[in-house]
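Structural characterization, general
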Amino acid sequence: MADQYNISEEKIMKDSLTKEIDLINRDPKQINEDVVKVDFEDVIAEPDGTHSLDGVWKASYTTFTVSKYWCYRVLSAIFGIPVALLWGFLFACISFCHIWAVMPCIKSYLIETQCLSRIYSLCVHTFCDPLFEALGKIFSSVRVALRKEA
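All figures in this text were calculated on a predicted structure; none of them were measured in a lab. (Residues numbered from 1 in each chain as written. Predicted model: local features only at pLDDT ≥ 70, side-chain atom pairs only at ≥ 80, totals over all residues. Heavy atoms only, no water.)

1. Here's the deal with the overall build of the protein
Looking only at helices and strands, the protein has three helices and zero strands in total. Starting at the N terminus, the α and β elements of the protein follow one another as α-α-α. Surface summary for the protein: the accessible area is close to 14700 Å², and the carbon and sulfur share equals 67%. (Helix = DSSP H or I, 4+ residues; strand = E, 2+ residues; numbered from the N terminus. Areas by Shrake-Rupley, 256 points an atom, 1.4 Å probe, with all protein chains shown as cover.)

2. Digging into helix H3 (residues 54–139)
Over its 86 residues, H3 extends only 90 Å from the first C-alpha to the last, a length that falls short of the 128 Å expected when each residue adds 1.5 Å. Where H3 bends most, the angle comes to about 50°, and this point is Phe79, followed within four residues by the proline Pro82. (Expected span 1.5 Å × (residues − 1). Bend = angle between axes of the 7 residues up to and from the residue.)

3. Observations regarding a nonpolar patch on the surface
On the surface, Val66, Tyr69, Trp70, Val74, Leu75, Ile78, Phe79, Val83, Trp87, Leu90, Phe91 and Ile94 cluster together to form a nonpolar patch covering roughly 1200 Å² of accessible area. Tracing the backbone through its elements, the reader meets Ile78 in helix H3. (Patch = residues over 30% accessible without salt bridge, like charges linked within 9 Å, V, L, I, M, F, W, Y side chains within 5 Å. Salt bridge = Lys/Arg side-chain N within 4 Å of Asp/Glu carboxyl O.)

4. Section: unusual backbone geometry
Here Gln30, not a glycine, exhibits a phi torsion of approximately 50°, which is positive. Position of Gln30 among the secondary structure elements: in the loop between helix H1 (2–17) and helix H2 (40–43). Accessibility expressed as a relative area gives 52% for Gln30, which makes it exposed. (Buried < 20%, exposed > 50% of the residue type's maximum accessible area, 1.4 Å probe, protein only.)

5. With respect to the packing of aromatic side chains
One pass over the structure, following the stated rule, counts six aromatic pairs. Plain terms: the ring middles of Phe40 and Phe64 are 5.6 Å apart, the flat faces sit at 65° to each other, and that makes the pair edge-to-face. One end of the pair, Phe40, is in helix H2; the other, Phe64, is in helix H3, and 24 residues separate them in sequence. The exposure class of Phe40 is buried, given its relative accessible area of 2%. (Phe/Tyr/Trp six-rings, centres within 6.5 Å; stacked < 30°, edge-to-face > 60°.)

6. Considering the environment of Lys68
You can see Lys68 is positioned in helix H3. A residue is classified by how much of its surface remains accessible, and Lys68, at 39% relative accessible area, is partly exposed. The spacing of Lys68 and Val38 is 30 residues in sequence and 9.7 Å in space, taken between C-alpha atoms. Engagement of the side chain of Lys68 in a polar contact is seen with the backbone oxygen of Val38, the distance being 2.4 Å. (Polar contact = N/O pair within 3.5 Å; in protein donor to acceptor, adjacent residues only side chain to side chain.)

7. A short note on the confidence of the model for the protein
For the protein, per-residue confidence averages 87 on the pLDDT scale, and 88% of positions sit at 70 or higher. Summarising per-element confidence for the protein, the mean pLDDT is lowest in H1 (60) and highest in H3 (94). (pLDDT = per-residue confidence, 0-100.)

Dropping the structure here:
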């Protein structure tokens, strides 16, 4: 039974590290759907009555599309791996701090405040409850009547 558990645990760990990536749909959670999806028509538009020559318009479209495509490809080829390394390092540091510092501090704080809240609750029930009950009984017989005098 223990061997089966270890094999299953190893498989889960191996699967998470050697996960297949989708080369077709590279944004499955659509993180950059609205932000980076910019086409020629989103940037350059000629209103009615102000049109350039058809050849210029077609050449502009081709130039924009091809330059955007190849510029992104070149930049990602040069900087993609170093930037991915930096982001991986940053998120590893954030995860490390969260797991080893933030959550233990929060848990410690919750444990301490739970203890203090019990002490506070005990003090309120011991000292304040009888005082306010007595004041309530004293002032319960007070009647206020409002009269309008002319």
